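Summary of the model geometry
Next come the chains, spelled out residue by residue.
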Amino acid sequence: MRTRQTEPMTTNERPATFDFVIIGAGPGGEAVAHKARELGAAVAVIDRRWFGGSCPHIGCLPSKALLHGAAEHRANPTRYEWPRASAHRDFMINRAAGAPEPDDTSHVRSLERAGAVVYRGEARIVGRGRVAVAHDGARHELSGSNVVVAAGSVSRRIQIPGIEGIDVWTNEQATLTRELPRSLLILGGGPTGCELAQVYARFGVPVTIVQSGPRLAPTDHPRNSEVVRATLEADGVVVHTGVRAVAARAGAGGDGAHVIDLDDGSTAEGHAVLAAVGREVPLDDIGLEHYGLDTSGRTPPYPRDGRLRIADGLYAVGDAAGPELHTHQAWYQGELAARSALGESVAPDYRALPRATYTDPEAAFVGVTVEAARESGMDAFELVANFAKSDRGYGIEAKLGHITIVVDRISRELVGAAVACPDASAAIHECVLAIQAHVKVDVLANTIHAFPSTSRIFNGLFADALREVDAPNKVRSG
């Protein structure tokens, strides 16, 4: 494995003045760097740990590799056991046998091939257009016409009495471990918690999820949440919703398991405890006050509404920008920030921002629910198809799932869609494109869809939607 470098990977001849100085080399920072270099700008990129960010090392890629292994194990337990799944995960994240950490060399080399100057160290804004990089007792100061904050996020810590006595996992430990825990308690039922619950449950680990809100996958479509819960429970996961952790007792449970006390008087146990209760964007010590931003609060000192330019010459992309936390959102924003800073008149559009949870079956959602559409003033209606009763569903012996669309009668456009079925993350993208491009249901209903694909189910719903918007003198309801 490559020895981790703590000094700037540059030569003394390289200039310290750039068009872009990028703090953070996750997907957002990489996207800024590559697009800016493509447009001829001089770029410096700084990160203190993994170039490429969390996604390829402790997030998206290792979790999907483990989900694949769990599905293979479920289909053939003797052929695809945990050691094989763990080895495949290590291959995906470029971690050598026996090595503790992934190797980010490929990301560094990609940036250097593009012509970016790459620094590994702690970055802090020390003035407008000035960023200091500290490493190994040394300090370098860079200047940039544009400074981009792409610092990513960290797992939110659980703050309850007694938790300090437990070595709580984050997604890092949960995706990198080479040993299965005897049991696992997951605090938080978002995509991370749900996906990892299925991984460990399918490998025979007793798993419990505690979710403070009324449903799993709380930012997803409610029907998707129902499918995800039913799927996990079918895999043996014990799900508690509407309860909150209030205290922890290390090793106080059966066979030395940790105990978490819940606010309804019940308890939950696990030999390993995973905190998946959300993410925080640590920007309090990055120097944003030099741009007149107040960093005294716990949240970013600017609206996390997805806008990228937060001050003159200062941009935020990825988790630091919001409105959500997705790798694909970060890359999209990074390219837009580079183009905007170099004079193009572009702005982000999040109407068609897709979300996906990669459980088996998958769940995906884009746009708005029918309730949100109506609240915004649309004359919207919703149509739903039962995936299990479709030709595709019958063919694969599906037990659950749905396809849902939301259409605005006035504009005749699709404004939302949700899917829960084996290929949901792929099927949703027809709807992503339709929303992004303002495609009318007239076109969608008359587009040929392969039979018996999931998209063919959409085709039937689009045809029904066309009849709905064309219905003369129809009495409007809701």
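Residues numbered from 1 in each chain as written. Predicted model: local features only at pLDDT ≥ 70, side-chain atom pairs only at ≥ 80, totals over all residues. Heavy atoms only, no water.

1. Remarks on the sheet that holds strand β12 (residues 258–262)
Strand order in the open sheet formed by three strands is β11-β12-β13, and the pairing between neighbours is antiparallel. A single partner strand is all that each edge strand has here, and the edge strands are β11 (245–249) and β13 (267–270). Looking at each pair of strands side by side, their axes are set apart by 25° on average, direction ignored. Pairing analysis gives four bridges linking β11 to β12, with the strands arranged antiparallel. The partner of A245 across the bridge, within β12, is L262. (Pairing = 2+ DSSP bridges. Helix = DSSP H or I, 4+ residues; strand = E, 2+ residues; numbered from the N terminus. Axes fitted to C-alpha atoms, helices over the stretch in contact; angles between N-to-C directions.)

2. Remarks on helix α3 (residues 60–75)
In this model α3 runs 23 Å from its N-terminal to its C-terminal C-alpha over 16 residues, within 8% of the 22 Å that 1.5 Å per residue would give. Listed in full, the buried residues belonging to α3 are P62, S63, A65, L66, L67, G69, A70 and H73. The elements touched by buried residues of α3 are α2 (55–58), α4 (82–93), α6 (171–176) and α7 (191–202). (Expected span 1.5 Å × (residues − 1). Buried < 20%, exposed > 50% of the residue type's maximum accessible area, 1.4 Å probe, protein only. Contact = heavy atoms within 4.5 Å.)

3. Thoughts on the packing of aromatic side chains
All told, the structure shown has five aromatic pairs when counted by the stated rule. When the ring of F458 is compared with that of F462, the centres are 5.8 Å apart and the planes differ by 15°; the resulting orientation is stacked. Taken together, the residues span about one helical turn, with F458 and F462 both in helix α15 (residues 454–470) at a distance of four residues. Within the aromatic cluster, the residues linked to one another by ring pairs are W82, W169, Y200 and F203. (Phe/Tyr/Trp six-rings, centres within 6.5 Å; stacked < 30°, edge-to-face > 60°.)

4. With respect to α15
End to end, α15 covers 25 Å across 17 residues, agreeing with the expected 24 Å (1.5 Å per residue, within 8%). Taken together, the buried positions of α15 are occupied by T454, I457, F458, N459, L461, F462, A465, L466, E468 and V469.

5. A look at the sheet that holds strand β21 (residues 402–408)
Strand order in the open sheet made by the five strands is β18-β19-β22-β21-β20, with antiparallel pairing throughout. In this open sheet, the two edge strands, each paired with only one partner strand, are β18 (355–357) and β20 (380–386). Taken over all neighbouring pairs, the strand axes of this sheet differ in orientation by 10° on average, direction set aside. Contacting β20, β21 and β22 (413–421), α15 crosses the sheet at an angle of about 35° to β21.

6. Focus on the environment of P56
Relative to the helices and strands, P56 is located in helix α2. Here P56 falls in the buried class, since its relative accessible area comes to 11%. Discounting residues that sit within four places of it in the chain, P56 has contacts with L61, P62, M92, I93 and H107.

7. Section: the confidence of the model for the protein
Any residue range with low pLDDT should be treated as having predicted coordinates unsuitable for detailed reading. The predicted model of the protein has a mean per-residue pLDDT of 93, with 95% of residues at 70 or higher. Long-range and interchain partners of residues 1–15, a stretch whose pLDDT sits below 50, account for 36 contacts in this model, where long-range means more than four residues apart. (pLDDT = per-residue confidence, 0-100.)

8. Things to note about the pairing of β21
A regular strand carries its side chains on alternate faces of the sheet. In terms of burial, β21 is a largely internal element, seven of the seven residues being buried. Burial of the side chains of β21 extends over both faces: H402, T404, V406 and D408 are buried on one face and I403, I405 and V407 on the other. One ladder, built from seven bridges, connects β20 with β21; its direction is antiparallel. The residue of β21 that forms the bridge with N386 is H402. Taken together, the seven bridges between β21 and β22 define a ladder with antiparallel strand orientation. Looking across to β22, one finds that I403 is bridged to V419. In this antiparallel pair of consecutive strands, β21 and β22, the connection spans four residues, and R412 shows a positive phi of 60°.

9. A short note on a nonpolar patch on the surface
A grouping of L61, F91 and M92 is seen on the molecular surface, where their side chains present a nonpolar patch of about 290 Å² in accessible area. Within the fold, L61 resides in helix α3. (Patch = residues over 30% accessible without salt bridge, like charges linked within 9 Å, V, L, I, M, F, W, Y side chains within 5 Å. Areas by Shrake-Rupley, 256 points an atom, 1.4 Å probe, with all protein chains shown as cover. Salt bridge = Lys/Arg side-chain N within 4 Å of Asp/Glu carboxyl O.)

10. Concerning the environment of A252
With respect to the element layout, A252 can be found in the loop between β11 and β12. A residue is classified by how much of its surface remains accessible, and A252, at 44% relative accessible area, is partly exposed. A C-alpha to C-alpha distance of 9.0 Å links A252 and E269, two positions 17 residues apart in sequence.

11. With respect to the side chain of Q329
Relative to the elements of secondary structure, Q329 occurs in helix α9 (residues 327–341). Residues in contact with Q329, not counting those within four places in the same chain, are G318, G322, P323, E324, Y350 and L353.

12. Overview of the environment of P83
Inspection of the secondary structure assignment puts P83 in helix α4. Judged by its relative accessible area of 59%, P83 falls in the exposed class. Along the chain, P83 and S296 lie 213 residues apart, while their C-alpha atoms are 46 Å from each other.

13. Things to note about the pairing of strand β5 (residues 130–135)
Of the strand pairs in this sheet, strand β4 (residues 122–127) and β5 are connected by five bridges, and their pairing is antiparallel. Paired with I125 across the strands is V131, a residue of β5. Taking the residues between adjacent antiparallel strands as the criterion, β4 and β5 are bridged by two residues, where G129 takes a positive phi near 75°. Pairing of β5 with strand β6 (residues 138–149) involves six bridges; the strand directions are antiparallel. Following the sheet pairing, V131 is matched in β6 by L142. What sits between β5 and β6 in their antiparallel hairpin is a turn of two residues, with D136 showing a positive phi close to 50°.

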